[in-house]
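# Per-entry structural report
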Amino acid sequence: MFNYERFDALRRSKGITQKFIAQSLGRSATLCQDWKQHKSQPNAEQLSVLAGILGTTVQYLCGESDAASPVSDGEELEQLLTALRDREDMRMLFKLARDASPDDVRQAVKIIEALRRDS
């Protein structure tokens, strides 16, 4: 089960806004507040994207692991590639990202999110 307190503490420590999280998931700005108030919880796809953004694991966000430290480059790359594959607006990039370095994938995701914010 999603642990909002862990998510929020990690989000704050990395300087990531609730608005950025909501935009990254293609949702309204009230998304994080809905999680905080237990009105809803992130689904599996959203958890995967959150873990990638926050540099942690789904298991940490769900209270199944106490290791909040960033995942290895291989695991992080896998999470980012999963997000690229599963998000409809990013599927085209998945094919391009298969052989990309973790930094290349992170940069691609940041560019897409910046473009989404500007539109």
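Residues numbered from 1 in each chain as written. Predicted model: local features only at pLDDT ≥ 70, side-chain atom pairs only at ≥ 80, totals over all residues. Heavy atoms only, no water.

### Here's the deal with empty space enclosed by the protein
This model, assessed by the stated rule, comprises one cavity of 30 Å³ or more. By volume, the largest cavity amounts to about 40 Å³. Along the walls of the largest cavity sit Phe2, Tyr4, Trp35, His38, Ser40 and Gln41, which together make up its complete lining. Of the residues that constitute the lining of the largest cavity, the class distribution is three nonpolar, three polar and no charged. (1 Å grid on protein atoms, 1.4 Å probe; cavity = no way out; pocket = protein on both sides within 12 Å on 5 of 7 lines; lining within 4 Å. Points joined across faces, edges and corners; volume = space filled by probe spheres on them. Nonpolar A, V, L, I, M, F, W, Y, C, P; charged D, E, K, R; others polar.)

### Some points on the packing of aromatic side chains
Considering all chains together, one arrives at four aromatic pairs under this definition. Their ring planes at 80° and their centres at 5.5 Å tell us that Phe7 and Trp35 sit as a pair that is edge-to-face. Of this pair, Phe7 sits in helix H1 (residues 4-13) while Trp35 sits in helix H3 (residues 31-36); the two residues are 28 residues apart in sequence, bridging distant segments of the chain. Owing to a relative accessible area of 0%, Phe7 belongs among the buried residues under this scheme. One aromatic cluster is present, built from ring pairs that chain together Phe2, Tyr4, Phe7 and Trp35. (Phe/Tyr/Trp six-rings, centres within 6.5 Å; stacked < 30°, edge-to-face > 60°. Helix = DSSP H or I, 4+ residues; strand = E, 2+ residues; numbered from the N terminus. Buried < 20%, exposed > 50% of the residue type's maximum accessible area, 1.4 Å probe, protein only.)

Scope: geometric values only; no functional claims are made or implied.
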